[in-house]
Amino acid sequence: DAKTTQPPSMDCAEGRAANLPCNHSTISGNEYVYWYRQIHSQGPQYIIHGLKNNETNEMASLIITEDRKSSTLILPHATLRDTAVYYCIARSNYKLTFGKGTLLTVNP
Amino acid sequence: DSGVTQTPKHLITATGQRVTLRCSPRSGDLSVYWYQQSLDQGLQFLIQYYNGEERAKGNILERFSAQQFPDLHSELNLSSLELGDSALYFCASSLEGSWDQPQHFGDGTRLSIL
């Protein structure tokens, strides 16, 4: 799996959009970009994934650059319950390789 | 609620002992994955089973073993336990085994070795 780079922490005001960046400059053509989050020692929660096109679901949007070297996860209206560690993963096999992720803190 | 059930939630035991962790996947999912999360190593993939057969191996120690039963539930067996085995153990499941499908995680078993 390609290495991903994320900022260690970010803050966001409640009700505002949270934009979490991820760099995956060595990603190969068959690697999907996955986002998971983990809320304090709970099991990781799947958020969204994509290959080339932008994706949106009920939780978030995923914007992948045209060269696929980076992506951004967007939580449109962050709430306090969105405070968590967010993991960006470039996946090309059965396993998920988790890095250190970004600790997103949503402030009131 | 992910639909993945892990038991027990907490387990406390001593060094040298053996324990079994259990996982019931989401209804309809054929693939089960085990992960270990410790403070110093982060979340590490251990092993995957698909429809009863071992599919992939990660950083699983020889003292650890797993299996998936005909009803698709899985067990992770940890033996000759050491202090360093204290960790959160997560099970995840997916519909099949391919990497374009998300994995759904249970809430984990917290193992404490005294």
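Right above here is the structure, for reference.
Let me begin by describing the structure that accompanies this report. (Residues numbered from 1 in each chain as written. Chains lettered and ligands numbered in written order. Predicted model: local features only at pLDDT ≥ 70, side-chain atom pairs only at ≥ 80, totals over all residues. Heavy atoms only, no water.)

### Some thoughts on the interface of chain B and chain A
Residue-level contacts link 22 residues of chain B with 19 residues of chain A. Across the chain B/chain A interface, buried area totals approximately 1700 Å², and carbon plus sulfur atoms make up 58% of it. Summed over the three residues of chain B that lose the most area to chain A, namely Leu43, Trp99 and Phe105 of chain B, the buried surface amounts to 38% of that side. At the boundary of chain B with chain A, the tally comes to zero salt bridges. Broken down by secondary-structure element, the contributors of at least two residues to the side of chain B that touches chain A are β4 (31–38), β5 (42–50), β6 (53–57), β9 (87–94) and β10 (104–105) of chain B. Split into classes, the residues belonging to the side of chain B that touches chain A amount to 10 nonpolar, eight polar and four charged. (Contact = heavy atoms within 4.5 Å. Buried area = accessible area lost by both parts, 1.4 Å probe. Salt bridge = Lys/Arg side-chain N within 4 Å of Asp/Glu carboxyl O. Helix = DSSP H or I, 4+ residues; strand = E, 2+ residues; numbered from the N terminus. Nonpolar A, V, L, I, M, F, W, Y, C, P; charged D, E, K, R; others polar.)

### Structural notes on the sheet that holds strand β7 (residues 64–68) of chain B
Residues and elements named next belong to chain B. Taken together, the four strands give an open sheet; going across it, the order is β1-β3-β8-β7, and neighbouring strands pair in antiparallel fashion. Each edge of the open sheet is held by one strand with a lone partner, namely β1 (5–7) and β7. When the angles between neighbouring strand axes are averaged without regard to direction, this sheet yields 15°. Judged from the five bridges that link them, strand β3 (residues 19–24) and strand β8 (residues 74–78) form a sheet pairing that is antiparallel. (Pairing = 2+ DSSP bridges. Axes fitted to C-alpha atoms, helices over the stretch in contact; angles between N-to-C directions.)

### Concerning the environment of Tyr49 of chain B
Residues and elements named next belong to chain B. Here Tyr49 is to be found in strand β5. Under the relative-accessibility criterion, Tyr49 is labelled buried at 8%. Taking the C-alpha atoms as reference points, Tyr49 and Gln67, separated by 18 residues in sequence, lie 7.3 Å from one another. Leaving out residues up to four positions away in the same chain, Tyr49 has contacts with Leu30, Ser31, Val32, Glu54, Arg55, Ala66, Gln67 and Gln68. (Buried < 20%, exposed > 50% of the residue type's maximum accessible area, 1.4 Å probe, protein only.)

### Thoughts on the pattern of salt bridges
Applying the stated criterion across every chain, the model contains four salt bridges over all chains. Residues Arg37 of chain A and Asp82 of chain A are paired through a salt bridge, measuring 2.8 Å at the closest nitrogen-oxygen approach. Here Arg37 of chain A, found in strand β3 (residues 32–38), pairs with Asp82 of chain A, found in the loop between β7 (70–75) and β8 (84–91); they are 45 residues apart in sequence, far enough to count as distant. The burial state of Arg37 of chain A is the same as that of Asp82 of chain A; both residues are buried. Its salt-bridge partner being Arg63 of chain B, residue Glu82 of chain B comes within 3.7 Å of it at the nearest N-O pair. Of the two residues, Glu82 of chain B sits in the loop between β8 and β9 while Arg63 of chain B sits in the loop between β6 and β7, which places them 19 residues apart along the sequence. Residue Glu82 of chain B is classed as partly exposed on the basis of its relative accessible area of 42%. Overlapping salt bridges bring together Arg63, Glu82 and Asp85 of chain B as one network.

These figures capture arrangement, not role.
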